[in-house]
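In case you want the letters, here they are:
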Amino acid sequence: MEERRPSKKPLIFYWTIAIVVFFLLNIFVFPSFLSVQIQEVDYRTFLTLLEEKQIGQVEVEENQITFTNLDASKIYKTGNMNDPELIDRLVDSGAGFGTEIKKETDPLLYSLVSIILPVALMFGVWTFISKKMAQQMGKNPNMMQFGMGKSGAKLYVKSDNSVTFRDVAGEEEAKELLREIVDYLHAPEKYARIGASLPKGALLVGPPGTGKTLLAKAVAGEANVPFFSISGSEFVQMFVGLGAAKVRDLFRQAKEKAPCIVFIDEIDAIGKKRDGRIGGNDEQEQTLNQLLTEMDGFDGSRGVVILAATNRPESLDPALLRPGRFDRRIPVELPDLQGRIDILKVHAAKVRTDGNEDYTAIARAASGCSGAELANIVNEAALRAVRQGRDAVSQEDLMESIEVVIAGYQKKNKILSDSEKRVVAYHEVGHALVAALQNHSAPVEKITIIPRTSGALGYTMQVDEGERFLLTKTELENKITTFTGGRAAEELVFHEISTGASNDIEQATKLARAMITRYGMSEEFGMVALEHTENQYLGGDASLACSSQTQTRIDEMTVSLVARQYKKACTLLSENIEKLHKISAYLYERETLTGEQFMEMLKS
Ligand code: ADP
Ligand code: MG
Ligand code: ZN
């Protein structure tokens, strides 16, 4: 796919010239041209002209005489010589006198010439330029119009290296829905025959990095029609107050080019709920109103399809989501195991591999990763291979880069003191042991105590056996126990606790709280929702929806739930204290343990 965006340079260039010309005219040309030219002559010349009867009007002032020639086309001046015969001479010459001679230009005329003329001139230049541009566009219909108030949309035209659905792995449902749109744009008659009209707009929603933008580009690559792409923030970008104009312009262009696709990325930037607050964001509201109007303004049969993408669908204005506008909602979710395998393959095809990769293992270890993260993992692996002077990516590179993407790079120069290293070893083995001892928890994939740039001093990587969609109450409780296992080991062995557990504490608390407030897993509250999730796709912040007494109660229950699991972890570990000592010592020596090594030691 090729992106065309004509440069804005010529327009600015022309405007600069016009403005410079304006000032030059005003400073140098108009003053001399407009103010009346008065020629200074000596008294003798005046007298001679007077005698020859060459003078039309004379104005005598105290120390200056101004006079004109016969047809008043020239004005002269000379000093007043205090000549007592002057009056007689004037009468003799037949010149008119006693009146005033106009020595200055009419101010009205002046402003007319110095302002209106240049403006008219500039307007002329401008129309000339736009005409020329229109001609250019006639020659090249894919060229876009540009300038102030123009939509600023990028127009993609099909080229050989365009993105197609083949480049988007997984996301079969989304592709299915989009394929229908592509099909419609190819053969609208097929749909018209039975009177079906296509949805005017489709909204791609999902977490960041799941391939929404990529999907839209693939539609453009497949559809073979003009594809306008603009990001929501671009409407409110550079020129404040032009958002609505830009929307109008975008749709005008789209209608001209129909059938075509308009893609508005990150639509939440302009489509936010109007909250009706006085003094709210007027600019944004106007832009949104314009968008709503435009979407109503054309019928689907014109063949303009609007795609939009967002990861905050709940913040969009309901008017935008009603049928007739964005009536189709296409969820683009995080990929499942098979999806991850496919995405890894798509991206691994772009790098040279040694042929021994096990994508299933990588995809399993990268559970919860988005498409963008998986693409990043493959790239990191390739970088690692280059760094180590190899010419192909190996399985090991891929596994290591998962850790890089999840936990950051290995921190080479961070040296833990001996006692710290021992604490970290016990802490991590504590997690792993607790996880392994509770049969519901997933097996351990890897334990390491090599510090990472993310700040983690070590970590335990757990890998789910299969894809999990439901978690039972027991499993959740076990998860909390596993989170507390690190701290439990520290306390059990050193009778002292450290700051190393802060992340564990955070996660355990979050989980315990969610069990009570969202999953209805407490006896006391049962199936009552005590929290709303706000951003389902962006971290899922939750806001409480209960009285302050209930809040207090939730806090108490969270504390006791976590405490209960912590106690359970302590019990599990003290029952297996020799294993804890043995594996920790081993980890302390080697710094990294694989899942198999760990299980072997556990069973021996
Ligand atoms: P977003 O959903 O945030 O718009 P993008 O479409 O920009 O995400 O995806 C970012 C990158 O992640 C893409 O350029 C692509 O390399 C990769 N990616 C995401 N999802 C997929 C997928 N399903 N198949 C292949 N690559 C993907
Ligand atoms: Mg995007
Ligand atoms: Zn921990």
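Let me begin by describing the structure that accompanies this report. Along every chain, residues carry numbers that run from 1 in the direction the sequence is written. Here chains are named by letter from A upward and ligands by number from 1 upward, in the order in which they appear as written. With pLDDT at 70 or above as the cut-off, local features in this predicted model cover only qualifying residues; side-chain atom pairs require 80 or more to be listed or tallied, and sums for whole chains, interfaces and linings still use all residues. Calculation of side-chain values draws on the structure's entire complement of heavy atoms; hydrogens and water are dropped beforehand.

Concerning the sheet that holds strand β17 (residues 592-594)
In step 1: An order of β14-β13-β17 is seen for the three strands of this open sheet, with the pairing classed as antiparallel. For this open sheet the edge positions go to β14 (459-462) and β17, each flanked by a neighbour on one side alone. The average angle at which neighbouring strand axes cross in this sheet is 10°, direction not considered.
In step 2: When DSSP finds at least two bridges between two strands, those strands are taken to pair. Numbering of helices and strands runs from the N terminus; a helix is a DSSP stretch of H or I covering at least four residues, while a strand is a stretch of E covering at least two. Here strand β13 (residues 444-448) pairs with β17 via three bridges, running antiparallel. Paired with Thr448 across the bridge in β17 is Thr592. Interaxial angle, 0 to 180 degrees, is taken between N-to-C directions of lines fitted to C-alpha atoms, where a helix line uses only the stretch in contact.

Some remarks on the pairing of strand β5 (residues 75-79)
In step 1: With three bridges connecting them, strand β2 (residues 38-40) and β5 associate as parallel partners. Within the sheet, the bridge partner assigned to Glu40 lies in β5 and is Lys77.
In step 2: Relative to β5, strand β4 (residues 64-69) runs antiparallel, the two sharing five bridges. From the neighbouring strand, Ile65 faces β5, where its bridge partner is Thr78.
In step 3: What sits between β4 and β5 in their antiparallel hairpin is a turn of five residues, with Ala72 showing a positive phi close to 60°.

Here we look at a nonpolar patch on the surface
In step 1: Only residues whose relative accessible area exceeds 30% and that form no salt bridge enter a patch; like-charged residues are grouped when within 9 Å of one another, and nonpolar side chains (Val, Leu, Ile, Met, Phe, Trp, Tyr) when within 5 Å. All accessible areas in this document rest on Shrake-Rupley with a 1.4 Å probe, and a residue is counted as covered only by the protein chains that are shown. The rule for a salt bridge is simple: a side-chain nitrogen of Lys or Arg has to be within 4 Å of a carboxyl oxygen of Asp or Glu. Where nonpolar side chains cluster on the molecular surface, the patch consists of Trp15, Ile19, Val20, Phe23, Leu24, Ile27, Phe28, Phe123 and Trp126 and spans about 930 Å² of accessible area.
In step 2: If you tally residues by element for the nonpolar patch, the top one is helix α1 (residues 9-34), at seven residues.
In step 3: For Ile19, the location among the structural elements is in helix α1.

Description of the environment of Glu403
In step 1: Inspection of the secondary structure assignment puts Glu403 in helix α15 (residues 395-407).
In step 2: Each residue is placed in one exposure class: buried if its accessible area under a 1.4 Å probe, protein chains only, is under 20% of its type's maximum, exposed if it is over 50%, and partly exposed if it falls in between. Residue Glu403 is classed as buried on the basis of its relative accessible area, which comes to 2%.
In step 3: Residues Glu403 and Ala365, spaced 38 residues apart in sequence, show a C-alpha to C-alpha distance of 9.4 Å.

What to know about helix α17 (residues 473-494)
In step 1: Between its first and last C-alpha atoms α17 spans 32 Å; for 22 residues at 1.5 Å apiece the expected length is 32 Å, and the two agree.
In step 2: Axes are fitted to the seven residues ending at a residue and to the seven starting at it; the angle between these axes is taken as the bend at that residue. At Gly485, α17 is deflected by roughly 40°, the largest bend along its length.
In step 3: Two residues or fewer after α17 comes His495, characterised by a positive phi angle close to 50°. In a helix, the anticipated span is given by 1.5 Å times the number of residues less one.

Some thoughts on the pattern of salt bridges
In step 1: Inspection of every chain in the model, using the stated rule, returns 18 salt bridges.
In step 2: Note that Asp555 and Arg513 form a salt bridge whose closest N and O atoms lie 3.0 Å from each other. Of this pair, Asp555 sits in helix α19 (residues 548-575) while Arg513 is found in helix α18 (residues 502-517), placing the two residues 42 residues apart along the sequence.
In step 3: Since its relative accessible area comes to 22%, Arg513 is described here as partly exposed.
In step 4: Salt bridges sharing common partners tie together Arg384, Arg390, Glu396 and Asp397.

Some remarks on the coordination of the zinc ion (ligand 3)
In step 1: Sites may look incomplete, because water is not among the atoms used; the donor set itself consists of N, O and S atoms within 2.8 Å of the metal (3.2 Å for Na, K and Ca). The protein atoms that coordinate the zinc ion (ligand 3) are His427 (NE2), His431 (NE2), Asp504 (OD) and Asp504 (OD), at distances spanning 2.0 to 2.7 Å.
In step 2: For a four-donor site, all angles between 85 and 135 degrees give tetrahedral; for four or six donors, opposite pairs above 155 degrees with the remaining angles between 65 and 115 give square planar or octahedral; all remaining cases count as irregular. Here the zinc ion (ligand 3) binds four donor atoms, and the angle range of 52 to 146° at the metal identifies the geometry as irregular.
In step 3: When the donors of the zinc ion (ligand 3) are listed by position in the chain, the intervening gaps give H-x3-H-x72-D. Taken together, the residues span a long stretch of sequence, with His431 in helix α16 (residues 418-437) and Asp504 in helix α18 at a distance of 73 residues.
In step 4: Given a relative accessible area of 11%, Asp504 falls into the buried group.

Observations concerning the environment of Arg274
In step 1: Summarising the element assignment, Arg274 is placed in the loop between β10 (260-265) and α10 (282-296).
In step 2: Once the C-alpha coordinates of Arg274 and Leu288 are considered, the two residues, 14 residues apart in sequence, prove to be 8.8 Å apart.
In step 3: We call two residues contacting when some pair of their heavy atoms lies within 4.5 Å. Sequence-distant contacts of Arg274, defined by excluding residues within four places in its chain, comprise Glu285, Leu288, Asn289, Leu292, Asp317 and Ala319.

Some words on the site of ligand 1
In step 1: Any residue with a non-hydrogen atom lying within 4 Å of a molecule or strand is treated as near it. Close to ligand 1 lie 16 residues, the nearest being Ala169, Gly209, Lys212, Thr213 and Leu214.
In step 2: Throughout this description, a polar contact denotes any pair of N or O atoms lying within 3.5 Å of each other; where both atoms belong to protein, one of them has to be capable of donating a hydrogen while the other can accept it, and for residues adjacent in sequence the pair is counted only when both atoms sit in side chains. Gly211 places a polar main-chain atom, nitrogen or oxygen, 3.1 Å from an oxygen atom of ligand 1.
In step 3: His347 has a polar side-chain atom sitting 2.9 Å from a nitrogen atom of ligand 1.
In step 4: Within the complex, the protein chains bury 80% of what would otherwise be the 560 Å² of accessible surface of ligand 1.
In step 5: For each domain, the first and last residues come from an automatic or database assignment. Viewed by domain, the shell around ligand 1 spans two of them, domain 2 (147-331) and domain 3 (337-407), each represented by three or more residues.

A short note on the environment of Thr210
In step 1: Here Thr210 is to be found in the loop between β8 (201-205) and α7 (212-223).
In step 2: The sequence separation of Thr210 and Ser370 amounts to 160 residues, and the corresponding C-alpha distance is 5.4 Å.
In step 3: Discounting chain neighbours no more than four positions away, the residues touching Thr210 are Glu171, Val332, Glu333, Leu334, Ser370 and Gly371.
In step 4: A distance of 3.4 Å separates a polar atom in the side chain of Thr210 from the backbone oxygen of Val332.

Things to note about unusual backbone geometry
In step 1: Of note, Glu266 is a non-glycine position whose phi angle comes to about 50°, a positive value.
In step 2: The exposure class assigned to Glu266 is partly exposed, which follows from its relative accessible area of 33%.
In step 3: At His495, a position not held by glycine, the phi torsion is positive, near 50°.

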